Amino acid sequence: MTDDAPVSPAAPPAHAEPAGAGVDAGAGAGAGARLRSLLPDLAPWRASADFRRLWLAGLITNFGSFLTFVALPVQMKVLTGSAVAVGAIGAVELVPLIVFGLYGGALADALDKRKLILYTEAGQGLLCGGLLVNALMPRPAVWPLYVVAALSSALGSVQRPALDSLVPRIVAHEHLPAAASLNSLRWSVGGVAGPALAGVVVAYAGLGWAYAVDLVTFVVSVVLIVGLAASPAAHEAAKPSLASIAQGARYAWNRKELLGTYVIDLAAMFFAMPLAVLPFLADELHAAWSLGLMYAALPAGAMLVTLTSGWTSRVHRHGRMVAFAAACWGLAMVGAGAVHHVWLVLLLLVLGGCCDMVSGIFRGAMWNQTIPDELRGRLAGIELLSYSVGPQLGQVRAGGMAAWTGVRASIWAGGVICVGAVGVLACCLPQLMRYDVRTNEHAVRMRSARGQAMLSHPHHP
């Protein structure tokens with residue numbers, strides 16, 4: 001293959017302590033409490049067995065998928081020697097991503113989410129098996145790589161809305177921000193470790209081993225998903241159709257605070273995503289050795305945030321944090337394009353990854369805590385487009401602008417435009433900036449509905 005409970009005051013001591021003892025103990029306890037407040041909140045993991053299964057399945061699949069993420073373009077390069085052929089992999093993934101992302105959202109609302117996740121996960125495993133068979137042939141063919149890339153994009157686009165809309169069902173409402181942080185941690189761990197291992201496996205063991213390991217991870221994740229409880233469609237859910245997709249789009253349009261999260265993320269990724277020009281930046285810095293570190297820097301920054309994400313549950317104005325983090329992402333890219341020392345570039349890329357993850361955590365919290373269950377899948381499909389299409393188009397923007405203005409200008413100018421765009425959007429969407437999870441009518445309604453569900457089913461999260 002997104003609120004902490006209040007702390008009870010301490011009871012008064014039964015006997016007076018010797019002078020100085022209370023100071024040391026209090027300082028130690030205070031330091032421990034501050035440290036715990038930074039660490040990820042594990043409440044969703046402890047409270048929900050289904051969340052644990054889903055989290056582990058996602059971690060294992062994500063780790064394996066990064067092997068194929070690296071191996072597929074490497075194999076295309078070996079077979080064709082063409083950069084255009086390698087770039088075309090992204091092109092064949094884009095249309096299925098758009099079409100099936102929206103339709104997958106409608107399916108997630110209308111079908112059993114567990115079954116949808118299970119079948120698409122098994123399908124991804126079969127596709128990986130196809131890559132393995134092709135790699136073991138005496139003369140591997142090129143066309144299966146494009147076919148698998150397109151079909152995998154379609155299956156992933158169908159699966160993701162079901163995954164996103166399942167989380168609010170298996171996690172208590174007040175634990176949803178913590179769940180978002182833990183899911184982000186799962187992704188960032190795979191994003192750092194997966195490509196690093198993939199480089200070693202592809203270089204020393206071969207492409208076949210990379211695909212074989214990925215196939216094994218799909219088998220393990222399918223076994224974990226089989227153990228999930230059924231998650232049937234809500235009684236109010238509409239059947240999958242163009243009309244139901246349009247209904248979800250109208251709901252998103254009328255929720256200006258949600259619309260703000262989509263467009264701000266699109267702007268940030270389109271104007272300031274630098275991945276396409278990182279190989280050229282490494283060359284300009286005379287540090288070809290740093291390219292792998294550059295690719296790992298963004299997920300490394302994301303992982304730093306998720307490892308210290310306990311503070312996110314105490315933030316209530318999520319919309320402001322989304323806008324602030326997106327602007328800081330743009331500023332980090334301005335610095336990365338302007339400085340001339342490779343270690344400063346790496347540091348700024350890590351900072352950019354931190355900002356992107358902060359934005360992602362609060363976007364996920366807003367989505368999960370305010371969207372009705374019967375619309376969750378269709379809105380998750382729209383969310384998929386907002387955080388997937390932006391980076392894809394951003395690669396085109398970065399490469400085209402680099403050819404016109406130069407590599408470094410493509411990065412820093414994109415960052416400047418990102419900051420300006422975020423500022424304009426924040427001014428045009430006051431509902432986003434006013435959003436407060438404690439008072440927002442949709443969040444209050446969802447809390448009430450979840451509270452009533454808890455009274456009816458006290459053992460269900």
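Here's a quick rundown of the structure. Keep in mind it's a predicted model, so treat the numbers as computed, not measured. (Residues numbered from 1 in each chain as written. Predicted model: local features only at pLDDT ≥ 70, side-chain atom pairs only at ≥ 80, totals over all residues. Heavy atoms only, no water.)

### Quick look at the overall build of the protein chain
Here is step 1: Each helix and strand in the protein chain was counted, giving 18 helices and 0 strands.
Here is step 2: Looking at the protein chain as a whole, 51% of its 461 residues are labelled buried.
Here is step 3: Only carbon and sulfur atoms are counted for the fraction: they give 72% of the accessible area of the protein chain, which is about 20,800 Å². (Helix = DSSP H or I, 4+ residues; strand = E, 2+ residues; numbered from the N terminus. Buried < 20%, exposed > 50% of the residue type's maximum accessible area, 1.4 Å probe, protein only. Areas by Shrake-Rupley, 256 points an atom, 1.4 Å probe, with all protein chains shown as cover.)

### Quick notes on the packing of aromatic side chains
Here is step 1: Counted according to the given criterion, the structure contains 4 aromatic pairs.
Here is step 2: Taken together, a centroid distance of 5.7 Å and an interplanar angle of 40 degrees make the contact between tyrosine 262 and tryptophan 367 tilted. Within this pair, whereas tyrosine 262 is found in helix α10 (residues 256-272), its partner tryptophan 367 is found in helix α14 (residues 342-370), the two being separated by 105 residues in sequence.
Here is step 3: The exposure class assigned to tyrosine 262 is buried, which follows from its relative accessible area of 5%.
Here is step 4: Residues tryptophan 311 and phenylalanine 362 carry aromatic rings whose centres are separated by 5.9 Å and whose planes lie at 50 degrees to one another, so their mutual orientation is tilted. Within this pair, whereas tryptophan 311 is found in the loop between α12 (291-307) and α13 (318-338), its partner phenylalanine 362 is found in helix α14, the two being separated by 51 residues in sequence.
Here is step 5: Taking relative accessible area as the criterion, tryptophan 311 reaches 24% and is therefore assigned partly exposed.
Here is step 6: Positioned above the aromatic ring of tryptophan 253 is the side chain of lysine 256, whose terminal nitrogen or guanidinium carbon lies 3.9 Å from the ring centre. (Phe/Tyr/Trp six-rings, centres within 6.5 Å; stacked < 30°, edge-to-face > 60°. Lys NZ or Arg CZ within 6 Å of the ring centre and 35° of its normal.)

### Some words on the pattern of salt bridges
Here is step 1: In this structure the tally under the stated criterion is 5 salt bridges.
Here is step 2: Arginine 445 is paired through a salt bridge with glutamate 441; the nearest N and O atoms lie 3.5 Å apart. Of this pair, arginine 445 and glutamate 441 both sit in helix α18 (residues 441-456), 4 residues apart, roughly one helical turn.
Here is step 3: On the basis of relative accessibility, which here comes to 48%, the residue arginine 445 falls in the partly exposed class. (Salt bridge = Lys/Arg side-chain N within 4 Å of Asp/Glu carboxyl O.)

### Topic: the side chain of glutamine 124
Here is step 1: Counting through the fold element by element, glutamine 124 comes out in helix α5 (residues 113-136).
Here is step 2: For glutamine 124, a relative accessible area of 11% gives the class buried.
Here is step 3: When neighbours within four sequence positions are excluded, glutamine 124 is seen to be in contact with Ser152, Leu155, Gly156 and Phe218. (Contact = heavy atoms within 4.5 Å.)

### Let's talk about the nonpolar core
Nonpolar side chains tend to gather and get buried jointly when the protein is soluble and globular.
Here is step 1: Among the nonpolar cores identified, the biggest contains 52 residues, and Ile264, Leu281, Leu285, Met294, Trp329, Leu349 and Val422 are the most heavily contacted of them.
Here is step 2: The set of elements that each furnish at least two residues to this core consists of α10, α11 (278-284), α12, α13, α14, α15 (376-405) and α16 (407-428).
Here is step 3: When residues in this core are grouped by element, the largest group, 13 residues, is from α14.
Here is step 4: Contacts of isoleucine 264, omitting those with residues within four sequence positions, involve Val322, Ala323, Ala326, Val422, Leu425 and Leu432.
Here is step 5: Listed in part, the 23 residues of the second largest apolar core include Leu116, Ala162, Val167 and Leu228. (Core = buried A, V, L, I, M, F, W, Y, C linked by side-chain atoms within 4.5 Å.)

### Side note on the packing of α10 against α13
Here is step 1: Closest axis-to-axis distance for the α10/α13 pair is 10 Å, and the angle between their directions is 5 degrees. As far as their axial angle goes, α13 and α10 are roughly parallel. Across from Ile264, Ala268, Met269 and Ala272 in α10, the residues of α13 making contact are Val322, Ala323, Ala326, Trp329 and Met333.
Here is step 2: Within the contact of α10 with α13, the residues separate by chemical class into 9 nonpolar, no polar and no charged. (Axes fitted to C-alpha atoms, helices over the stretch in contact; angles between N-to-C directions. Parallel < 35°, antiparallel > 145°, perpendicular 65-115°, else oblique. Nonpolar A, V, L, I, M, F, W, Y, C, P; charged D, E, K, R; others polar.)

### Examining the packing of helix α3 (residues 49-80) against α5
Here is step 1: Where α3 contacts α5, the axes come no closer than 12 Å and their chain directions differ by 35 degrees. As for the relative orientation of α3 and α5, their crossing is left-handed in sense. Where α3 abuts α5, its residues Thr61, Thr68, Leu72 and Gln75 lie against Glu121, Cys128, Leu131, Asn134 and Ala135.
Here is step 2: Taken together, the residues of the contact of α3 with α5 break down into 4 nonpolar, 4 polar and 1 charged. (Left-handed = near helix turned anticlockwise from the far one by under 90°.)

Remember that the coordinates give geometry; whether it matters functionally is a separate question.
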